[in-house]
Amino acid sequence: MSKTPSAIKDLTEKEYQYGFVTALDQEVIKKGLSEDVVRLISSKKNEPEFLLNWRLKAYRHWLTMTEPNWSQVKYPKIDYQDIIYYAAPKTKKDGPKSLDEIDPEVRKMFDKLGISLEEQKRLSGVAVDAVVDSVSVATTFKSKLAELGIVFCSFSEAVHSHPDLIKKYLGTVVPYTDNYFVALNSAVFSDGSFCFIPKGVRCPMELSTYFRINAADTGQFERTLIVAEEGSYVSYLEGCTAPRRDKNQLHAAVVELVALDNAEIKYSTVQNWYPGDKEGKGGIYNFVTKRGICRGHKSKISWTQVETGSAITWKYPSVILKGDNSVGEFYSVALTNNYQQADTGTKMIHLGKNTSSTIISKGISAGRGQNTYRGLVQIQKTATNSRNYTQCDSLLIGDRCGAHTFPYIEVKNSGSQVEHEASTSKIGEDQIFYCKSRGLSEEDAVSLIVNGFCKDVFKKLPMEFAVEAQKLLGVSLEGSIG
Amino acid sequence: MSWAAQIEQHSRSSKANWLKNLRQHALNEFNSKGLPTRHMEPWKHTKLSLIPSNPLQWPQQKTELLGFGLKLEPKKILDHVLKGLDCYLVTFVDGHINESLSNFPKDQGVQFSSIGHLSDEDVVSFKTKSSQHGVHSINAALFQTGIFLKLDKNAVLTKPFVLFHLSSENKSPTMKHLRHFIVAGEKSQATIIEFHMGFNSNDEFETSYLNLVAQPDSNILHFKIQEASMSSTHMGTLDAKLEAGAVLRSYLLNWGGRLARQEYYVALDGKGADCSLKGLFFGKNEQNSEVIIDLQHNSSNTKSEQNFKGVLEDKAHGVFYGKILVQKDAQKINADQSNKNILLSDDAIVNTRPQLEIYADDVKCSHGATIGRLDEGALFYLRSRGIGKKEAEHMLLLGFAEEILIDIDQKLIPIKDRLHHLLEATL
């Protein structure tokens, strides 16, 4: 491998800039997990009976399960009794009614993160739900959205204001029995976002949730549920950061999307949890289950993700294409640097006729990072005339990293067409040479090539996020050399 | 009797040291691993009920061979399938070498013997302790016969060498296990053709394992034509170790068998080793046709290519599991893999898992997989030229399938003819 110019080295070794801790007045419960803890969380949130029962069922089921070990990631065993399952910034009893009531420290923290809640409100026209540790601290633009009948609020609020909707949809896409981390999340989830777009409404602005882990030794378990009724449209953004700590923290979230006839949900994530330091110490374990169901005719669900953070990412945003003519999409850029590990991909389950799905996955491995694409494309017998196109490319930067591709393709009828292609390579010396011969510096050349490599995915991101994603990639990688 | 008991009995009765060791090792491995289960990744989609859970009987040696109630004449069969191919030949009838139907290799610098004559020194070069799973252990512990072929430095096998395996009618379910050892010395050249044919309407369990060591700059061309009977479970393995500059080209026609599985374990151990694996797996009725590949780039400047095509009809089930592993520090690697499948019926199923596992950075690896039906555009074109639907489909399928053998030598035309014949007879 050729030498790394120092300017590039500076860039790749730039430290995590969101690693600060904010001194918030926190309310935390004792470490450990038991049925009492589940009851305690539920009572703290003043939850109705049905939800407590659901949590308990999930908890009891979790006890019967074992941690999965099939993925390509390696990590020391997690002690589930050494985690705090509930932490919340202390606020006035009833929670903030408007932004002015939010703890100034929390607001400062979000300002520091570049998510100025007030500015957001005034300028960018993005409705934000900010979640710190376990609870939602602020939701902007609520009243404006309410005029259209859109519900966008924290999950715990929705449990009280729209219990029938929660009851109807919670766990229908990702049942608590789905996997180990889902069962855990279902038992102890503390908050998250809820979003409901009524029939025929096109959501006029991007909805966004910002997740922040702040307290030490805590796990973050949030749940997002988005329901798009017939003919509606919503674009949803999610971002995350966490402070720098030596100890690994667990993040096990669940996201459920439901799209009815002709509805479209676009879900974008920029995940930048703390990845650990250069020696691989600390960082977030990001074990997330995301799944959407295209329940209706001609419905569409699109996942876009940029994964740059976390010590370990274990995440497969999936789409169940149940409705005829429904469409599923997955666009992903996953970057692993230093000792980061990512095992990510998607599942496209085709059940309805004429369903189609597209998967574009770009993996970048640098340092000692291990990046795995794992995907399933399943065409069931009923899904006649279905179509899938998959492309997963990996870029290797440095000779100590790894890139792996494990697609599973299962086709059970003859009228469907599935295509998969994958490639793995480093940045070609000829490509760099060409750029240099045109007067570009080596760094600019590499940056140009990396950006080009990710372009297919970035162009799918909403504007606000595309900028952030590009910056993020720049910080951790742009200018690296192969 | 259980497999473990049968293996134990066998391992005690062996005389030669190497064989004793091999069998003892197989016994230990079988005891720890057992038969494959659904939880083992490469067996995830396999119909495991077709692997007998207990040993079957050994076939009896007969004076008169029957197949489907008719008298078999191996000589005629040979003439028919090989169409006068000028070759060296070892014929196995029900797992035993038939000398009168054989023509052993006689070239200079070529040693040939049956496995019974193998000495401890001969076996040194083989990594004989490489059971991947229980079926390999069964083979290692129970194989009755096989050949040993050794090419000295610069030796050239002047004719293709055919290993012709024939199974005849048996009254009860039977099993047979074969293991062949081939060492290709430095700069040697050989063409090996493994041919399996079955005329048995009763259940049969056959394992066939080919150990190949290709020493520096040797050049091996390998074919496997598998036409086992429809009531048999055929488990074939090619276990090859390629040293510096060695070249292996292997072609597979996976045709017969109720469950037919061909596994490849290729280790590109030496700098500049080059391997290409190509094949066609075909299934109809309720056949299960599987190709499993574990290809390891252990050294720099190595190159590999895989191209497998599946054609599945009726309720057939095809499985492709192909893995390319590039080890740390194995730089300047080129690896390509392609798996294309055509489903001809709505009840046919294909599971394909092309896998790349890469721990080095200076590599160019790619894989592609497609599953679909015949190209509508091409069909339309042919039909617009006045060709009937059936015929047009037939032409396209032939084109799809025969591409696998497109680059083979003119001298091996009988193999192409055989593929053509199989396609014409089955499609």
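Residues numbered from 1 in each chain as written. Chains lettered and ligands numbered in written order. Predicted model: local features only at pLDDT ≥ 70, side-chain atom pairs only at ≥ 80, totals over all residues. Heavy atoms only, no water.

Draft legend 1. Fine view of the overall build of chain A. What chain A contains, in helices and strands, is 12 helices and 24 strands. Contacts spanning at least 24 positions in sequence make up 83% of the contacts within chain A whose residues lie at least 6 apart. (Helix = DSSP H or I, 4+ residues; strand = E, 2+ residues; numbered from the N terminus. Contact = heavy atoms within 4.5 Å.)

Draft legend 2. Seen up close, the nonpolar core. L207(A), L149(B), F161(B), L242(B), Y264(B), F308(B) and V326(B) are the most contacted members of the largest nonpolar core, which has 95 residues in total. The element contributing the most residues to this core is strand β21 (residues 363-372) of chain B, with 4 residues. Within the second largest apolar cluster, 62 residues are counted, among which are V38(A), I78(A), Y86(A) and Y169(A). (Core = buried A, V, L, I, M, F, W, Y, C linked by side-chain atoms within 4.5 Å. Buried < 20%, exposed > 50% of the residue type's maximum accessible area, 1.4 Å probe, protein only.)

Draft legend 3. Focus on the pairing of β21(B). Summarising burial for β21(B): 7 of the 10 residues are buried, a large majority. Inspection of the sheet shows strand β24 (residues 417-426) of chain A paired to β21(B) by 8 bridges, in the antiparallel sense. Within the sheet, the bridge partner assigned to E421(A) lies in β21(B) and is G368(B). As defined by bridge partners, strand β19 (residues 333-343) of chain B adjoins β21(B) across 10 bridges and the pair is classed as parallel. In the strand pairing of β21(B), N334(B) is matched with K364(B). (Pairing = 2+ DSSP bridges.)

Draft legend 4. Region of interest: the environment of A183(A). Mapped onto the fold, A183(A) is located in helix α9 (residues 180-188). Sequence-wise, A183(A) and M65(A) are 118 residues apart; in three dimensions their C-alpha atoms are separated by 8.7 Å.

Draft legend 5. Summary view of the interface of chain A and chain B. Taken residue by residue, the interface counts 36 residues in chain A and 37 residues in chain B. Contact with chain B buries area across many residues of chain A, yet Y408(A), I409(A) and S414(A) alone supply 18% of it, more than any other trio. At the junction of chain A with chain B, the criterion picks out 3 salt bridges. Here D329(B) and R400(A) are joined by a salt bridge, their closest N and O atoms 3.3 Å apart. Counting the contacts that link chain A with chain B gives 18 residue pairs in polar contact (both at pLDDT 80 or more). Those elements that provide at least two residues to the side of chain A that touches chain B are β23 (402-411) and β24 of chain A. Of the residues assigned to the side of chain A that touches chain B, the class counts are 11 nonpolar, 17 polar and 8 charged. (Buried area = accessible area lost by both parts, 1.4 Å probe. Salt bridge = Lys/Arg side-chain N within 4 Å of Asp/Glu carboxyl O. Polar contact = N/O pair within 3.5 Å; in protein donor to acceptor, adjacent residues only side chain to side chain. Nonpolar A, V, L, I, M, F, W, Y, C, P; charged D, E, K, R; others polar.)

Draft legend 6. Structural context of the side chain of K426(A). You can see K426(A) is positioned in strand β24. Of the polar contacts made by the side chain of K426(A), one reaches the side chain of E429(A); its length is 3.2 Å.

Draft legend 7. Local environment of the packing of aromatic side chains. Residues and elements named next belong to chain A. According to the stated counting rule, one finds 30 aromatic pairs over all chains in the structure shown. Measuring from centroid to centroid gives 5.4 Å for Y75 and Y285, while their planes differ by 50°, and the two rings are tilted. Residue Y75 is located in the loop between α3 (49-63) and β2 (87-89), and its partner Y285 is located in strand β13 (residues 283-294); the two are separated by 210 residues in the primary sequence. Look at Y285 and you get buried, because its relative accessible area is 7%. With a centroid separation of 5.7 Å and 70° between ring planes, the pair formed by W314 and Y316 is classed as edge-to-face. (Phe/Tyr/Trp six-rings, centres within 6.5 Å; stacked < 30°, edge-to-face > 60°.)

Draft legend 8. Fine view of the domain arrangement of chain B. Residue and element names in this part refer to chain B. Per the domain assignment, the segments making up chain B are domain 1 (3-373) and domain 2 (375-427). Centre-to-centre separation of domain 1 and domain 2, based on C-alpha positions: 26 Å. Residue-level contacts link 32 residues of domain 1 with 21 residues of domain 2. Counting the surface lost from both domain 1 and domain 2, the interface buries some 2,300 Å², and carbon and sulfur atoms represent 72% of this. Between domain 1 and domain 2 we count 4 salt bridges in total. The salt bridge partner of D407 is K278, with a shortest N-O separation of 2.9 Å. Counting across the domain 1 and domain 2 interface gives 5 residue pairs in polar contact (both at pLDDT 80 or more). (Domains from an automatic or database assignment.)

Draft legend 9. Structural context of the pattern of salt bridges. For the structure on display, the rule yields 42 salt bridges over all chains. The salt bridge partner of D456(A) is K459(A), with a shortest N-O separation of 3.9 Å. According to the relative accessible area criterion, D456(A) is partly exposed, its value standing at 29%. Overall, K459(A) belongs to the exposed group, its relative accessible area being 59%. A salt bridge links K323(B) to E357(B), with the nearest nitrogen and oxygen atoms 3.4 Å apart. Here the residue K323(B) occupies a position in strand β18 (residues 317-326), and E357(B) occupies one in strand β20 (residues 349-358), the gap between them amounting to 34 residues. You can call K323(B) buried: its relative accessible area is 19%. E357(B) sits in the buried class, given a relative accessible area of 10%. Residues joined in a network through salt bridges with shared partners are K362(A), D393(A), D456(A) and K459(A).

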